[in-house]
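# Observations on chain architecture
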Amino acid sequence: MQAWELSAFNTAPEIRELPMPRPNQGEIRVRIAACGLNFADLLMIEGKYQDTPTPPFVMGLELAGVVDALGDGVTTHAVGDSVAVYAGQGGLAEYGCFPAQRALRLPDHMPLTEAAGFLIAYGTSHLALTRRARLAAGETLAVLGAAGGVGLTAVEIGASLGAKVIAVARGQAKLEIAKRAGADHVIDADTPDLRDQLRALGGVDVLYDAVGGAGFEAGFRAMRPEGRILSIGFASGTVPQIPANHLLVKNLDVMGLYWGGYLRFNPEALHHSLEQVFGLYTQGGLKPHIGATYPFDALPAALDALRSRKSTGKLVIEIAKTL
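Read on for an overview of the structure.

Analysis parameters
Residues numbered from 1 in each chain as written. Predicted model: local features only at pLDDT ≥ 70, side-chain atom pairs only at ≥ 80, totals over all residues. Heavy atoms only, no water. 1 Å grid on protein atoms, 1.4 Å probe; cavity = no way out; pocket = protein on both sides within 12 Å on 5 of 7 lines; lining within 4 Å. Points joined across faces, edges and corners; volume = space filled by probe spheres on them. Nonpolar A, V, L, I, M, F, W, Y, C, P; charged D, E, K, R; others polar. Helix = DSSP H or I, 4+ residues; strand = E, 2+ residues; numbered from the N terminus. Buried < 20%, exposed > 50% of the residue type's maximum accessible area, 1.4 Å probe, protein only. Phe/Tyr/Trp six-rings, centres within 6.5 Å; stacked < 30°, edge-to-face > 60°.

### Describing the layout of surface pockets
One simple way to see leftover space: roll a probe sized like a water molecule over the atoms. Computed from the structure, the second largest pocket encloses a volume of approximately 170 Å³. Looking at the lining of the second largest pocket residue by residue, the class counts come to 7 nonpolar, 3 polar and 3 charged.

### Regarding empty space enclosed by the protein
As enumerated under the stated definition, the model contains 2 cavities of 30 Å³ or more in all. Roughly 60 Å³ of volume is contained in the largest cavity. Here the lining of the largest cavity gets 3 residues from one element, more than from any other, and that element is helix α4 (residues 151-160). Here the lining of the second largest cavity gets 3 residues from one element, more than from any other, and that element is helix α10 (residues 267-282). In the lining of the second largest cavity, the residues fall into 7 nonpolar, 1 polar and 1 charged.

### Here's the deal with unusual backbone geometry
In this structure, the amide linkage connecting P55 to the following residue, P56, adopts the cis form with an omega of 0 degrees. With respect to the secondary-structure elements, P56 resides in the loop between α1 (39-46) and β4 (57-58). For R134, which is not glycine, the phi dihedral falls at a positive 55 degrees. Inspection of the secondary structure assignment puts R134 in the loop between α3 (119-132) and β9 (140-144). Residue classification places R134 among the partly exposed residues on the basis of a relative accessible area of 48%.

### Re the packing of aromatic side chains
Applying the stated criterion to the full structure yields 8 aromatic pairs. When the ring of W4 is compared with that of F296, the centres are 6.3 Å apart and the planes differ by 65 degrees; the resulting orientation is edge-to-face. With W4 in strand β1 (residues 2-6) and F296 in the loop between β15 (290-295) and α11 (299-308), this pair connects stretches of sequence that are 292 residues apart. These aromatic residues form a ring-pair network of at least three members: F118, Y122, F278 and Y281.

No statement about biological role is implied by the geometric values presented.
Laid out in structure tokens, this is it:
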């Protein structure tokens, strides 16, 4: 089978011919239809992601496909099931073997290309907003990077929870996408007075930040008393430095969220969250935005698009057109 393998950090992944894997006990083998890309893929190439495997390894954190073989002891899945898998690695291949407990059966009629980029983005935003920040109806949520892979899902989920959503993104095209996803107000990220515009809208109860940099500082200074700041990632490349004395003055909470970490210390919370997210999807409350779909051999171009931060929604690598 073919797979995109990273042989060493800070080198380009390459297509390799690898042996067909066989599932071990507790694993399923998936014929992979599509793999979603994440900013973490770029960090893995550099060896900077918190869960980066030791090279060589097959890239691809999340995927969707059809179960085609079962390891011993697997009773939760059957051959022929359509599944989405949070793999951590191995998604950019024609086949892969993964722990059965990391695979979720898909709702009827959910396209595999949508499912491939669904788990991490929607799972991150739902767990962050409901469990960590406890976002309540009527509160104001500001989303930085609101047209990106996770940011757009935060806009959708925030709106579904009854919050007033302020979307911050770069350029009119991205702002229109955020508006269609449910944002009540939109602000261009390049505006020189982001803090003042956020304050003019009443200030912020929950700040969702997957970007870092100057946007974080502006959002931080627009927080309302007892506001909650969610640190999701640093796509700008700049990790914010937080003045702790300001936390005291406004009684603010700053909290991080690494969605994959819940698989180790509280998988029940993660799975319960995903059940709710899939429920919202089934009810028509979520409409995943796939910014672009690339063929299997175009991974380098897809990574360049991700790196440039010019894309919107999720980028997906299509591995098999029909299964």
